[in-house]
Amino acid sequence: VGEEDSDDLRLPEMRDQLAKITNHVKLALGDSSVSEEDVTGWIDHGNGTPSSNRRFWTLDPIDGTKGFLRGDQYAVCLALIEDGHVKIGII
């Protein structure tokens, strides 16, 4: 389940930023057919609310984003959730 979505990137004043991100994704994937709609769709793919009676993994790839951007401390966090409770947590 994603915390972020692409709403801000879809704003008219963010058009140049979205174009830059899309170009980076095209280069990284080696696929010139990637569109801005593809990129925003991929960002939004994980959005939703998980059922509290299910088992799922959740990942925070960069917990401490500001620290990561500064070249400072950050962590990658992973947890197994069962019936709404953390069963395993790994940092």
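Everything quoted here is computed from the prediction, not taken from an experiment. (Residues numbered from 1 in each chain as written. Predicted model: local features only at pLDDT ≥ 70, side-chain atom pairs only at ≥ 80, totals over all residues. Heavy atoms only, no water.)

Peer 1: Hey, could you run me through the overall build of the protein chain in this one?
Peer 2: Of the regular secondary structure elements, the protein chain holds three helices and three strands. In the protein chain, the order of α-helices and β-strands from amino to carboxyl end is α-α-β-α-β-β. The C-alpha atoms of the protein chain give 16 Å as radius of gyration, which overshoots the globular expectation for 91 residues (12 Å, by more than 25%). Out of the 91 residues in the protein chain, the part that is buried amounts to 15%. Just so you have it, the protein chain exposes about 7,100 Å², and 52% of that area is on carbon and sulfur atoms. Within the protein chain, the 17 negative side-chain charges are centred at a point lying 2 Å from the centre of the 9 positive side-chain charges. (Helix = DSSP H or I, 4+ residues; strand = E, 2+ residues; numbered from the N terminus. Rg over C-alpha atoms; globule rule 2.2 N^0.38 Å. Buried < 20%, exposed > 50% of the residue type's maximum accessible area, 1.4 Å probe, protein only. Areas by Shrake-Rupley, 256 points an atom, 1.4 Å probe, with all protein chains shown as cover. Lys, Arg positive; Asp, Glu negative; His and termini not counted. Charge placed at Lys NZ, Arg CZ, Asp CG, Glu CD.)

Peer 1: I tried to follow the pattern of salt bridges on my own but got confused; where do I start?
Peer 2: Close approach of charged atoms allows side chains of opposite charge to pair. What the rule picks out here adds up to five salt bridges. Here E37 and R10 are joined by a salt bridge, their closest N and O atoms 3.5 Å apart. Placement of the pair is E37 in helix α2 (residues 36-44) and R10 in the segment before α1 (15-29), with a sequence separation of 27 residues. For R10, a relative accessible area of 38% corresponds to the partly exposed category. Put simply, R10, E37 and D44 are held in one network by salt bridges that share partners. (Salt bridge = Lys/Arg side-chain N within 4 Å of Asp/Glu carboxyl O.)

Peer 1: It is not clear to me how the sheet that holds strand β2 (residues 75-82) should be interpreted in this structure. Could you clarify?
Peer 2: Strand pairs in the sheet, formed through backbone hydrogen bonds, run parallel or antiparallel to each other. Across the sheet, three strands lie side by side as β1-β2-β3; this open sheet has antiparallel pairing. With one partner strand each, in any of the chains shown, β1 (55-63) and β3 (85-90) form the two edges of the open sheet. Each strand axis lies, on average, 20° off the axis of its neighbour in the sheet, ignoring direction. Note that β1 and β2 share seven bridges and pair antiparallel. Considered in β2, the bridge of D60 is made with C77. (Pairing = 2+ DSSP bridges. Axes fitted to C-alpha atoms, helices over the stretch in contact; angles between N-to-C directions.)

Peer 1: Can you walk me through a nonpolar patch on the surface in this structure?
Peer 2: Residues W57, L59, F68, L69, Y74, V76, L78, I88 and I90 make up a contiguous nonpolar surface patch of about 870 Å² in total accessible area. Broken down by secondary-structure element, the contributors of at least two residues to the nonpolar patch are β1, α3 (65-70), β2 and β3. Its location among the elements puts L69 in helix α3. (Patch = residues over 30% accessible without salt bridge, like charges linked within 9 Å, V, L, I, M, F, W, Y side chains within 5 Å.)

Peer 1: Help me out: how do you make sense of the side chain of T22 in this one?
Peer 2: Relative to the assigned elements, T22 resides in helix α1. Assessed through its relative accessible area of 4%, T22 is described here as buried. A polar contact is formed between the side chain of T22 and the backbone oxygen of L18, at a distance of 2.8 Å. Once you skip the residues sitting within four places of it in the chain, T22 turns out to touch V34, S35, E36 and V39. (Polar contact = N/O pair within 3.5 Å; in protein donor to acceptor, adjacent residues only side chain to side chain. Contact = heavy atoms within 4.5 Å.)

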